[in-house]
Each structure stands twice: as C-alpha cells, then as structure tokens.
Amino acid sequence: MARYTEEELKEKVHNGFIVEYPDEMTEGYRKALIVQLMVQADTELVSAPAYFGAAKDAPSTNTMVSATAIIQDELAHANIAYRLLEDLGLDKEQLVYGRQPHEFKHPYGFDHPLENWAELVVANGLYDRAGITLLGDVFKNTSYGPLKRALVKVDQEETFHLRHGEMWMKRLANAGGEAREQIQRAVDWMFPMAVEWFGLPDDMKRHSGQLDYKLKGMTNDELRQTWMQSTVPLCEGLGIDVPAHWSEDEQKYVLDFAFPCQYDEDEKRWLFGEGQISWEAVFERWKRRGPANKQFIEAIQDGRGFRAQLAAA
Amino acid sequence: MACATSPDRFGGEEGGVAVLDEPRAYPVPPQARTGPLWDALREVMDPEIPISLVDLGLIYDVRQDGGSVEVDLTFTATACPCMAFIHYDIQDRLQREPGVDEVKVIETWTPAWTKSRISPEGRAALKTFGVSM
C-alpha cells in the first residue's frame, strides 16, 4: 500500500517535501522520474560519440585533452543518471547494452555527426548550455533528493563545458575567415536544433506530470527563453547571426522562423522557406532518429565486447 | 637591478611585477603578489572551479618589460585538461591591461605545485564547493 495518494504527494512536494526512497513515491511519481532520468542519462551518453568524432579535429594535443576531458565528464554524468535509475529498479547493463539504437531517448540533435572543431565548440556553447538550462532548473527545483545531490557535481562540470564552448566560439569568430564561417555554419543548424530540444510549446503541452511532481520548475517555453537569453546575446556579440531577436513589444526573445520547421538531414540545413510544420511531423522525425543514431549507439555498445574480454582475461 | 626579494622590487608602482629577466624570488611569495597584473590575474578563474589562478597558486611569476609580459604558469597536474584554455584566458585578460601588447605564457614544472600553494581565500572558496583540502 502506497504511503500517499497521488494528490497527497503532489501537495507535499509543493510544500517542500523531498522524496528520498522509492517507498515514498507513488506510481505516477516513479514513472515521471524514470522518464526524466532516462532522457538525462541517454543524452549525456550519446553526446560522447558525437563529441568524440569532432575532438579528433582538435588543433593541438592540449586542446584535444580538453575535449576528451569533456567527453569523460559526459560519460560520468550518464553513469550517475543510470545509477539513479538502478535505485528505481532498472538495470544499467540492460539500459546501456540491451536496447536498440532507436530506443534511446536523447534529443534528435545528438543523432548528427559533429564534423569539425567549430561544430564541437558550438555544440559546447549551445547544447551544453541547453543541458545546463534544463539541469540547472532540475537542481533548483527537484523534489527528488538523490538527484539534487548528484547534480551539484554535474552542473559544475557542465559549466566548464559551456565555458569551453564560449571561449572557442569567441576565438574562432575573432580569427575571421574560414574559422568564422565554420562557426556561423554550425550555429545555423544547431541553433534551431536546440530550440526544438526544449519540446512542445506550453499551449500544446501534453501532460507529463514533471511539474506536478516538482521534478522540474520551469515550463518548456520558460526554459527556451532562459536559453535564448544567454545564447542570442553571446552570438550577437560575436557578430554571428541567429534566427531570433529580442522583442520590445513582447518583452521576450522571438524566433525569426516558422517554428517548428522542416530539416534537411543530408544538407544539415533548416528549410525556413517551407514554413511551419506540425509537431506530429516533428515527432515522426524524432522517432525515425537522425543519421548517426545507429553508428553512435553501436560505438557505445562495442564496449560490451571489450568488457567481456577484460572479464575473461 | 634590484634583488628579487628586496622590498624595492615589490614596493614600486609595478607592485610584485618584476622586469623581464630579473633574478627573482621563486615562486613569488604570496605577500608580494601585488600590482595591476596580479590583480588582473586574480580575475582569471580556473575553468573547472571558480577560484582564481592566483589563489590556486598556479602563477609563479609575472614579469613586464614595456609592452611585453611573461607569466610563469604551472598546473595542478601534468594531464590538466585545461592547459590551452588557461593560456588563452591569461592572454585575453592581460592584453586588456593598458600598455600590454604581448603576453607570453611559460609553462613551469619546477618547483612542483602542491596544495599548500592554495591561498586561504582559495581554501575558503573550495570549501563552499564541497572540496576539502
């Protein structure tokens, strides 16, 4: 018999109650928490092969060490989230090695190969910022104690990744020429990708329970605004164009393109000219997964063979 | 030229900043880390933990000759993931100081860094991030 009804638990967490143990959860709370942790874990995990592809393009040994340190952090963050899922009765081994590539729950943006150093640092500057925006909100608001404590380290390290992104975006943008063009091209496809990452607009939001259970504090649109509040000025300050601007009338950042819109995977280009598409079409694209989905998951799951060899040795 | 440890060296307008190639107390003792260049370096944070490079004890010496500045820098570990990062941050910050045209960062491994080089301020900061020394 559960200790609390769904309604009782929702009220308790909004009054400051911190959930520590599975037997304090309701079924609804547990399910919503699992979904949240799964997305968190899978996102951190899949960022590793995506980043690794571009880390090989690092301009020096020292800079490659920075990039691989970031990858190592991401893998550790994934481990933390999978470990928390184990407390909820899931099996880490199965989650990492037992799923098909399309079953992972990371954002569609991480299914795309990062092809050069500029793309890596823009991913640090834009995607890691999206990560901090989301996890920073979770850290501040979550009603789940073990996650809150784990995020102290995670958020600290994500800040390092973001600084890496900002510093290099600045360096390459200021260098001019091809370096600057590469930054612009990377921002062109990754900016809308990150905007989409925050999900459905609030007025269309399906009910997920994450706000009711205080697993997070901000809505999708609020999180999207928070992200744009720092991303847009950063890019503008570097003379890099972004398809969004501050609206005095609305007192918020608004997008300069029909949202959501179609994406050409082969060209790595958003088809702004073709206008707005439905969210159903976006969900279908997300479900099909992006071009590198299989390759990235296989790269991760290859580790199983290596581990078996180590165990046998 | 003044002896590195003499009060003149640190008493003038240059604070704890020596002239290039001057013999010096090494690393420059904490009480002598004064002057505009040291203050500027105090604004350069370690990329992983928000405490300054000076408080971490990573800056061993700063020398200026006209528009040229040399910084002796060490790291907490030989495989520090932030080496290039720290170089750039130092250069960017010092080049914003009036009269500084060129900044050369020299990596120094002797004497080795130990945690005893962290300043009391640095220790207090680390404590707030949950790192015990």
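Data block above holds the structure.
Just so we're clear, the structure is a prediction, and the values are computed from it rather than from any experiment.

A. Representation of the pairing of strand β2 (residues 68–73) of chain B. Residues and elements named next belong to chain B. Burial analysis of β2 places 5 of its 6 residues in the buried class, which makes it a mostly covered element. Inspection of the sheet shows strand β1 (residues 59–65) paired to β2 by 6 bridges, in the antiparallel sense. The residue bridging Ile59 from the neighbouring strand is Leu73, located in β2. Adjacent in sequence and paired antiparallel, β1 and β2 are bridged by 2 residues, among which Gly66 carries a positive phi angle near 60 degrees. Sheet analysis places β2 next to strand β3 (residues 102–107), joined by 6 bridges and oriented parallel. Following the sheet pairing, Val71 is matched in β3 by Val105. Handedness of the β-α-β unit built from β2, helix α4 (residues 83–94) and β3 comes out right-handed.

B. Quick look at the packing of aromatic side chains. Residues and elements named next belong to chain A. A full pass over the atoms with the stated rule returns 22 aromatic pairs over all chains. Ring centres of Tyr29 and Tyr213 lie 5.5 Å apart, and the angle between their planes is 80 degrees; this geometry places the pair in the edge-to-face category. Of the two residues, Tyr29 sits in helix α2 (residues 27–55) while Tyr213 sits in the loop between α7 (177–197) and α8 (220–237), which places them 184 residues apart along the sequence. Residue Tyr29 is classed as buried on the basis of its relative accessible area, which comes to 0%. Considering the side-chain rings of Phe198 and Trp227, the 6.2 Å spacing of their centres and the 55 degrees angle between planes classify their relative orientation as tilted.

C. Representation of unusual backbone geometry. In this chain, Phe259(A) is followed by Pro260(A) through a cis amide linkage whose omega measures 0 degrees. You can see Pro260(A) is positioned in the loop between β2 (252–255) and β3 (263–264). Residue Thr110(B) is joined to Pro111(B) through a cis peptide bond whose omega torsion reads -5 degrees. The residue Pro111(B) is located in the loop between β3 and α5 (120–128) in this model. Even without being glycine, Lys214(A) reaches a positive phi, approximately 55 degrees. Summarising the element assignment, Lys214(A) is placed in the loop between α7 and α8. In this model, Gln251(A) sits at a positive phi of 55 degrees, which is unusual for a non-glycine residue.

Rules of the game
- Residues numbered from 1 in each chain as written.
- Chains lettered and ligands numbered in written order.
- Predicted model: local features only at pLDDT ≥ 70, side-chain atom pairs only at ≥ 80, totals over all residues.
- Heavy atoms only, no water.
- Buried < 20%, exposed > 50% of the residue type's maximum accessible area, 1.4 Å probe, protein only.
- Helix = DSSP H or I, 4+ residues; strand = E, 2+ residues; numbered from the N terminus.
- Pairing = 2+ DSSP bridges.
- Right-handed = clockwise from strand over helix to strand, strands pointing away.
- Phe/Tyr/Trp six-rings, centres within 6.5 Å; stacked < 30°, edge-to-face > 60°.

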